[in-house]
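Per-entry structural report
What follows is the residue order along each chain.
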Amino acid sequence: LIGEEGFYPKLKSRKRIYSRVADVVEFEKVSPDDVVLYGKQAADLTISPEAAVTLAAEAQGSFRLVHNLVAKLESVGKANSTTVIDVDTLQLAGIVRQAAKARKK
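All values reported here derive from a predicted model rather than from experimental measurement.

Moving on: the packing of helix H4 (residues 49–59) against helix H5 (residues 63–79). Running from amino to carboxyl end, H4 crosses H5 at an angle of 130°, the nearest separation of the two axes being 9 Å. It follows from the interaxial angle that H4 and H5 lie oblique. For the pair H4 and H5, the crossing hand works out as right-handed. Across the interface between the two elements, Leu55, Glu58 and Ala59 of H4 pack against Leu65, Val66, Leu69 and Leu73 of H5. Partitioned by chemical class, the residues of the contact of H4 with H5 number six nonpolar, no polar and one charged.

This part covers the pattern of salt bridges. In the structure shown here, the tally under the stated rule is two salt bridges. The partner of Asp44 in a salt bridge is Lys40, with the nearest N and O atoms 3.3 Å apart. Since its relative accessible area comes to 46%, Asp44 is described here as partly exposed. Residue Lys40 is classed as partly exposed on the basis of its relative accessible area, which comes to 42%. Where Lys78 meets Glu74, a salt bridge forms, and the shortest distance between an N and an O atom there is 3.9 Å. Highlighted residues: Lys78 and Glu74, both in helix H5, separated by four residues, approximately one helical turn.

Take the nonpolar core next. Ranked by size, the top nonpolar core spans 20 residues in total, and within it Val35, Ile47, Leu55 and Leu73 carry the most contacts. Of all the secondary structure elements, the ones that give two or more residues to this core are helix H3 (32–43), H4, H5 and helix H6 (87–93). When residues no more than four places from it in sequence are discounted, the contact partners of Leu55 are Val35, Ile47, Leu69, Leu73, Leu90 and Ile95.

Closest axis-to-axis distance for the H3/H4 pair is 8 Å, and the angle between their directions is 105°. Accordingly, the angle class assigned to the pair H3 and H4 is roughly perpendicular. Note on element contacts: H4 touches H3 through Ala52, Val53, Leu55 and Ala56, opposite Pro32, Val35 and Val36. Broken down by class, the residue content of the contact of H3 with H4 amounts to seven nonpolar, no polar and no charged.

Quick look at the packing of aromatic side chains now. In this description, a pair of aromatic rings is defined by centroid distance and the angle of the planes. In this structure the tally under the stated criterion is two aromatic pairs. For the ring pair Tyr8 and Tyr18, a centre distance of 6.0 Å and an interplane angle of 70° mean the geometry is edge-to-face. With Tyr8 in helix H1 (residues 7–13) and Tyr18 in helix H2 (residues 15–18), this residue pair connects regions lying ten residues apart in the sequence. Under the relative-accessibility criterion, Tyr8 is labelled partly exposed at 35%. Taking 4.9 Å as the distance between ring centres and 80° as the angle between the ring planes, the aromatic pair formed by Tyr38 and Phe63 counts as edge-to-face. Residue Tyr38 is located in helix H3, and its partner Phe63 is located in helix H5; the two are separated by 25 residues in the primary sequence. Residue classification places Phe63 among the partly exposed residues on the basis of a relative accessible area of 44%.

The rules we used
- Residues numbered from 1 in each chain as written.
- Predicted model: local features only at pLDDT ≥ 70, side-chain atom pairs only at ≥ 80, totals over all residues.
- Heavy atoms only, no water.
- Axes fitted to C-alpha atoms, helices over the stretch in contact; angles between N-to-C directions.
- Helix = DSSP H or I, 4+ residues; strand = E, 2+ residues; numbered from the N terminus.
- Parallel < 35°, antiparallel > 145°, perpendicular 65-115°, else oblique.
- Left-handed = near helix turned anticlockwise from the far one by under 90°.
- Contact = heavy atoms within 4.5 Å.
- Nonpolar A, V, L, I, M, F, W, Y, C, P; charged D, E, K, R; others polar.
- Salt bridge = Lys/Arg side-chain N within 4 Å of Asp/Glu carboxyl O.
- Buried < 20%, exposed > 50% of the residue type's maximum accessible area, 1.4 Å probe, protein only.
- Core = buried A, V, L, I, M, F, W, Y, C linked by side-chain atoms within 4.5 Å.
- Phe/Tyr/Trp six-rings, centres within 6.5 Å; stacked < 30°, edge-to-face > 60°.

Pasting the structure below:
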């Protein structure tokens, strides 16, 4: 159950359930380097370092959100016949605007 903070202590307190857990692995927040690598491997996108920083910030470290953003960028890239993602592409996709709104909240 990736991303469920606070779940591990609850799970550990339920011995019958916890005894069935094979392994507990802790994940770090998604970094800009992770975004670049995932974009390349999952969608054959070349994400600029600046765009990767913006995407990692927008996702707030969540891989699930990075996945959704990369899927959106893949569609935008196909519509515009490009695999290169930069900050301008993020604006075109509406991601930069969304990030600004999220920071204002």
